[in-house]
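Here are the chains, one letter per residue:
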Amino acid sequence: MPVKTYNYDDHTQLSPHFNVQEFKCKCRQNHNILISNELISKLEELYTALNCSKIVINSGYRCPEHDRNVGGDGCGQHTKGTAADIVCYDQNSLPISSKLVSCSAQDLNFRGIANITDEYICTHLDVRENGIYFGDETTGTNTVTNDFYTYYGISKRSDYKIVAKGIDVSYSQGEIDWDKVKESDTVDFVLIRAGYGKEYSQVDEKFERNYKECKRLEIPCGAYWYSYALTKEDALKEADVCLEVIKNKKFEYPIYFDIEDGSQSSLGREKISEISETFCKRVEEAGYWVGIYSYKSFLESNLTEEIRNRYAVWIAHTGIEKTSYLGQYGIWQFSHTGRIDGINGNVDLNYCYSDYPELVKKAGLNGYKKSDTDTKPETNPKKSKNITLIDDGVAYFGILTAE
Ligand SMILES: [Zn+2]
Ligand SMILES: [Zn+2]
């Protein structure tokens, strides 16, 4: 495993994203720098795998003296030039959780991997010669797992299979020619804006029409409610108005609480989580499968992991090939600029990873009674479906209270 020695003032660009200077010992003495070739090529792979905007090297090479000064034993991986403590940033310049970095580093066969900060932002990575060290230094310096996916409860993204493609619509799409949409054969489901805010009058002006048309053409649909709630009380009111608007209707997809408004972002994590939970709880108690919609950074900064794990998640994250969102989600909105026959202008495009129609009916939610499915008995329901049901538990988020 070639480790090269560089002079302290060497500015060689080692690879597209890393320069010798970034790995310099932080002791401020002018001594040589050791850097492993393998470490650099693996860091490049990580950069691509996580779709980073940058990777910051907090600590690269350490001379034995400096290694001891920062708590090491003077002969660790950093002193051999085979380790780096890094922070990865996503396309929005936000740090990527070291939980996700650890999983990705594991896929790339780094041999030493450990979260090293309480905030799960900084990760130690190395390409040690012998053995494996998979740690989480918030719990000490021992190996904690042989699989970070299991340890952190993260689903492998490669296990996410697209089972349906859909769009979401509101008044802004105007008068949609639903026959043409149906004919286009590109839309498996539709999420319809039901309304917004807390007053009775705030029903989306195209909701009734869009809903009726989906029913007429048998296009499975769900609904979403754009929130302006600033308090728990607002959220309760919004939930009640939403329930009134969707009353006596049937939905094959969840009812989503759309929380993303600029007026809410300054409320903070605790408040926003409370508002979201209040709405979701109320609507769920009324017999609906409930979810939360927002964009990636809003979800990550403003909603507790507990809430994001508890309800179905519909995540907006556009302009990238693969979302780096950490956590479960059932639907990914990947584009705001889709074009579909029958719709003028742009429409949002979504991939769905859960067979919601099947699950909703089975659970007897969203206006469906359990007996609705009983009347059409299938000898082997799994085999008769032409779409696969995700088996890793992802599909079941959001119906924990359903039997
Ligand atoms: Zn040094
Ligand atoms: Zn380290």
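The structure this text deals with has already been given above.
This text gives an overview of the structure that appears in the document.

About the cut-offs
Residues numbered from 1 in each chain as written. Chains lettered and ligands numbered in written order. Predicted model: local features only at pLDDT ≥ 70, side-chain atom pairs only at ≥ 80, totals over all residues. Heavy atoms only, no water. Buried < 20%, exposed > 50% of the residue type's maximum accessible area, 1.4 Å probe, protein only. Helix = DSSP H or I, 4+ residues; strand = E, 2+ residues; numbered from the N terminus. Pairing = 2+ DSSP bridges. Polar contact = N/O pair within 3.5 Å; in protein donor to acceptor, adjacent residues only side chain to side chain. Contact = heavy atoms within 4.5 Å. Donors = N, O, S within 2.8 Å, 3.2 Å for Na, K, Ca; no water. Tetrahedral: all angles 85-135°; square planar, octahedral: opposite > 155°, others 65-115°.

## So, the pairing of strand S10 (residues 164–169)
Then, in step 1: The element S10 is largely enclosed, with a buried count of 5 among its 6 residues.
Then, in step 2: Where S10 and strand S17 (residues 347–352) come together, 5 bridges link them in antiparallel fashion. Within S17, the residue paired with Ile167 across the bridge is Leu349.
Then, in step 3: Bridge count between S10 and strand S11 (residues 189–196): 4 bridges; the pairing is parallel.

## What about the side chain of Ser102?
Then, in step 1: Mapped onto the elements, Ser102 comes out in helix H4 (residues 98–107).
Then, in step 2: With relative accessibility at 0%, the residue Ser102 sits in the buried group.
Then, in step 3: Within the structure, Ser102 has its side chain in polar contact with the backbone oxygen of Ser98 (distance 2.7 Å).
Then, in step 4: Not counting chain neighbours up to four residues away, the residues in contact with Ser102 comprise Ile113, Asn115, Thr123, Phe148 and Tyr152.

## Description of the coordination of the zinc ion (ligand 1)
Then, in step 1: Coordination of the zinc ion (ligand 1) by the protein involves Cys25 (SG), Cys27 (SG), His31 (NE2) and Cys63 (SG), with metal-donor separations of 2.1 to 2.3 Å.
Then, in step 2: One can describe the site at the zinc ion (ligand 1) as tetrahedral: its 4 donor atoms subtend angles covering 97 to 120° at the metal.
Then, in step 3: Sequence spacing among the residues donating to the zinc ion (ligand 1) works out to C-x1-C-x3-H-x31-C.

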